[in-house]
Amino acid sequence: QVQLVESGGGVVQAGDSLRLSCAASGRSFTPLAMAWFRQASGSERESVAAISFMGANTYFADSVKGRFTISRDNDKKTMVLQMNSAKPEDTAIYYCATTKANINASGSSRNYDIWGQGIQVTVSS
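The notes below deal with the structure included here. Note that the structure is predicted; figures quoted are calculated from it, not measured.

Cut-offs used in this document
Residues numbered from 1 in each chain as written. Predicted model: local features only at pLDDT ≥ 70, side-chain atom pairs only at ≥ 80, totals over all residues. Heavy atoms only, no water. Pairing = 2+ DSSP bridges. Helix = DSSP H or I, 4+ residues; strand = E, 2+ residues; numbered from the N terminus. Axes fitted to C-alpha atoms, helices over the stretch in contact; angles between N-to-C directions. Buried < 20%, exposed > 50% of the residue type's maximum accessible area, 1.4 Å probe, protein only. Contact = heavy atoms within 4.5 Å.

Next up on the list: the sheet that holds strand β3 (residues 18-25). Here 4 strands make up an open sheet; going across it, the order is β1-β3-β8-β7 and the pairing antiparallel. One side of each edge strand has no neighbouring strand; the edge strands of this open sheet are β1 (3-7) and β7 (68-73). Ignoring strand direction, the axes of neighbouring strands in this sheet form an average angle of 15°. Relative to strand β8 (residues 78-83), β7 is paired through 6 bridges, and the arrangement is antiparallel. Looking across to β8, one finds that T69 is bridged to Q82.

Laid out in structure tokens, this is it:
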């Protein structure tokens, strides 16, 4: 069974850093493009960042450009979102997503069919 598990969430102060991890598991499963999405209370889910299989291509939402970075380790089947200079508006549930389709880094949720359960990130002012 293919599974994605997020970790690293919690409460931080504005301006602090936080590191989210996503671990993929599943026999003979290779996550191709991977991405982070988030959903704040009362808002729709939005894209945050994405990375292609080899890491050569990345995507960042305008709201996080210059503050967040994304990376992955294909040997470990993990992906990391490094959140720097956190803002209260970054408060949301963050979801990891991936696909078995060979696509480039994409910020569209329609391109991903495997999702994690989500993890809460709270940035206090």
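There's more to say after this.
Another point: the environment of R45. Within the secondary structure, R45 is located in the loop between β4 (34-39) and β5 (46-51). Look at R45 and you get partly exposed, because its relative accessible area is 40%. Measuring from C-alpha to C-alpha, the distance between R45 and S109 comes to 8.7 Å, with 64 residues separating the pair along the chain. Dropping the residues within four chain positions of it, R45 is found in contact with F37, R38, Q39, S109 and W115.

Nothing here speaks to function; it is geometry throughout.
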